[in-house]
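Structural overview
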Amino acid sequence: MGFARTCSVALVGVEGVVVEVQADLEPGVAAFTLVGLPDKSLSESRDRVRAAVVNSGAEWPQKKLTVGLSPASVPKAGSGFDLAVACAVLGAAERIDPRVLADIVMIGEVGLDGRVRPVRGILPAVLAAADAGYEQVVVPECAAAEARLVPGVSVLGIRSLRQLIAVLTDEPVPEEDPDEEGRPDPLTAGLRVPGTSAAAGLHGAGAQQDQAHDLADVVGQTSARTAVEVAAAGGHHLFLEGPPGAGKTMLAERLPAVLPPLTRQESLEVTAVHSVAGLLPPGKPLIDLAPYCAPHHSATMQALVGGGPGVARPGAVSLAHRGVLFLDETPEFSSRALDALRQPLEAGHVVIARSAGVVRFPARFLMVLAANPCPCGRFSQRDSLCECPPSAIRRYQARLSGPLLDRVDLRVEVDPVTRSELARRGARGESTATVADRVRAARERAAARLAGTPWRTNAELPGRELRSRFQAAAGAMDEAERGLERGVLTARGLDRVLRVAWTVADLSGHDRPDATDVALALQLRTGVPRGVPMAIGAPA
């Protein structure tokens, strides 16, 4: 009887569980049994592994073979166990020394010809292995750069099962035939999921942050530009309302470039989510810029918050983690999908319950909503171009529920651009680099103030802390408190006004919010003019 074991990783959301892959050979009729709650793709590994072993020059054992995945109570899905199963079988057959395999974690899919293909979720799988104390990991060669992002782990990138057998048995490592020059590497096909390209609105980090997207291109829109700057500095959610063509999408697309670069920990969080979703492009193992996700208004609730049949997948709110989620034509989204955003907006994560278990995805994002004032988009207090009946306007605006809008800190009306503004030459607004520098300085002030606390931005501060430890200057909140008494603001809205006021103070260089900072925060929150300049630091 032969026995061998090695390890792999089962992913549950973006969290991993180390799985021990055991292989046992006994005399009897040749058979291959796989146990341990495998899904369909994992059950099919029996045929893939057998063909890969034979085509790699090794002999397949003609005995009763049982492969167990332990712990058996954890559901296993995907083809990433193939490499571990193949090596465990070869170890039981004594082609490889079983003692060499015991402390190695192997992740990868094998093809029928023995080539090793990448799978989604390499980074979170290696993170789970490192947390469990494993120091050696074997992954496909094209995913080795992603695995090496985890410190303290020795990563071996291999291109075929033949190479891995040679490495583990101290034999000369065979050379693989190179691909034809100019042809794409077929092994990188496993890194992406079909249907998740930029056309689907699920853009990777930096997809919109090139030289062609600069805030200086936005004509006019002083109030909206100020709101974008405040949103970036404090992590506040933003609602832009205005007619078609006023520049709402332009402003949202330029917001990610204003955000500060991601920290190392944030980069690992974002990269892990995109790796699990199959959105991590080859050649860029680490995402260091804020992602931008803009799903179409026909997206379902599962597409927004995550889920789907079988293994739960991250949705748009998780793909926008530490970045921007832009919902254009927000009233056209289904009410169920929009109301499902309430929980991640407050908690910063999504919990999806399924019969097979509970999955948790991170979802701390900056949400930007954009909407027309009416179905035709021409409703305005200044003219009568709109032909929509009042009942249609009320129904259209009521599609955005009060509880959802109450969680949005900034609400700005984007006015149509006039002919004189378009024709004006040499009067471009501030560039993205200039605004980003101010935002970075404001974030540093907030970080210094919040040092020693679990919060990093003003938008994350809970109300009790705002009222006890981070109060405004004496008398600065009087106007906001009167708004609470008149019913203009809710208790949550009053807290959000104070959060925004702290961000305005950080941008202006004030030690704490004064009456002018609170007035600007109220103006951005309610849309009602308060007699203060809309530009940060502008003279009164």
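Preceding this section is the structure that the text describes.
1. Section: the overall build of the protein chain
Tallying secondary structure elements over the protein chain gives 22 helices and 17 strands in all. In terms of principal-axis extent, the alpha carbons of the protein chain reach across some 85 × 50 × 45 Å. For the protein chain, with 540 residues in total, the buried portion stands at 50%. Taking all contacts inside the protein chain whose residues are at least 6 apart in sequence as the whole, residues at least 24 apart take part in 71%. With an accessible surface of roughly 24,100 Å², the protein chain has 50% of that area assigned to carbon and sulfur atoms.

2. Quick look at the environment of Met301
Positionally, Met301 belongs in helix H11 (residues 301-305). With a relative accessible area of 22%, Met301 lands in the partly exposed category. A sequence separation of 35 residues divides Met301 from Arg336, and the C-alpha atoms of the two residues are 6.7 Å apart. Beyond its immediate sequence surroundings of up to four residues, Met301 is in contact with Gly306, Arg336, Ala337 and Ala340.

3. With respect to the pattern of salt bridges
In the structure shown here, the tally under the stated rule is 27 salt bridges. The salt bridge partner of Glu20 is Arg5, with a shortest N-O separation of 3.1 Å. Taken as a pair, Glu20 in strand S2 (residues 15-26) and Arg5 in strand S1 (residues 2-12) lie far apart in primary sequence, 15 residues in all. By relative accessible area, which is 31% here, Arg5 ends up partly exposed. In this structure, the salt-bridge partner of Arg496 is Asp409, at a minimum N-O distance of 2.7 Å. Placement of the pair is Arg496 in helix H21 (residues 491-508) and Asp409 in the loop between helix H16 (402-406) and strand S17 (410-413), with a sequence separation of 87 residues. Asp409 shares its class with Arg496; the two are buried.

4. With respect to the environment of Leu112
Tracing the sequence through the fold places Leu112 in the loop between strand S6 (109-110) and strand S7 (116-117). Discounting chain neighbours no more than four positions away, the residues touching Leu112 are Asp47, Arg48, Ala51, Ala52 and Asn55.

5. Considering the pairing of S1
Judged from the 11 bridges that link them, S1 and S2 form a sheet pairing that is antiparallel. Its bridge partner lying in S2, Phe3 is registered against Asp24.

6. Section: unusual backbone geometry
Here the residue pair Ser70 and Pro71 is connected by a cis peptide bond, since its omega of 10° sits within 30 degrees of zero. With respect to the element layout, Pro71 can be found in the loop between strand S4 (64-70) and helix H3 (82-92). The phi torsion at Leu37 lies on the positive side, around 60°, for a residue other than glycine. Structurally, Leu37 is set in the loop between strand S3 (31-35) and helix H1 (40-43). Using a relative accessible area of 46% as the deciding quantity, one classes Leu37 as partly exposed. One non-glycine residue with positive phi stands out, namely Arg322, at about 65°. With respect to the secondary-structure elements, Arg322 resides in the loop between helix H12 (316-319) and strand S13 (324-327).

7. Quick notes on the packing of aromatic side chains
Any pair of aromatic rings gets described here by the distance separating the centres and the angle formed by the planes. Under the defined criterion, the tally for this structure stands at three aromatic pairs. Between the aromatic rings of Phe32 and Trp60, the centroid separation amounts to 5.6 Å while the plane-to-plane angle is 40°, which identifies the pairing as tilted. Here Trp60 lies in the loop between helix H2 (45-55) and S4 and Phe32 lies in strand S3, a separation of 28 residues in the sequence. With a centroid separation of 6.3 Å and an interplanar angle of 90°, the aromatic rings of Phe470 and Trp502 are classed as edge-to-face. Of this pair, Phe470 sits in the loop between helix H19 (463-468) and helix H20 (478-486) while Trp502 sits in helix H21, and the two are 32 residues apart along the sequence. With a relative accessible area of 4%, Trp502 lands in the buried category.

8. Re the pairing of S13
Every second residue of S13 is oriented toward a common face, with Val324 and Phe326 on one face and Leu325 and Leu327 on the other, all of them buried. Judged from the two bridges that link them, strand S12 (residues 292-293) and S13 form a sheet pairing that is parallel. Counterpart to Tyr292 in the pairing with S13 is Val324. Across four bridges, the pairing between S13 and strand S16 (residues 366-371) is parallel. Considered in S16, the bridge of Phe326 is made with Val368.

9. Considerations on helix H5 (residues 122-131)
In terms of residue burial, H5 counts as a mostly covered element, since seven of its 10 residues are buried. Along H5, the residues that are buried comprise Ile122, Leu123, Pro124, Ala125, Val126, Ala128 and Ala129. Each element contacted by the buried residues of H5 is listed here: S1, S2, strand S5 (104-106), strand S8 (136-140), helix H6 (144-147) and helix H10 (264-277).

Parameters at a glance
- Residues numbered from 1 in each chain as written.
- Predicted model: local features only at pLDDT ≥ 70, side-chain atom pairs only at ≥ 80, totals over all residues.
- Heavy atoms only, no water.
- Helix = DSSP H or I, 4+ residues; strand = E, 2+ residues; numbered from the N terminus.
- Buried < 20%, exposed > 50% of the residue type's maximum accessible area, 1.4 Å probe, protein only.
- Contact = heavy atoms within 4.5 Å.
- Areas by Shrake-Rupley, 256 points an atom, 1.4 Å probe, with all protein chains shown as cover.
- Salt bridge = Lys/Arg side-chain N within 4 Å of Asp/Glu carboxyl O.
- Pairing = 2+ DSSP bridges.
- Phe/Tyr/Trp six-rings, centres within 6.5 Å; stacked < 30°, edge-to-face > 60°.

So far we have only geometry, and geometry alone does not tell us how the molecule works.
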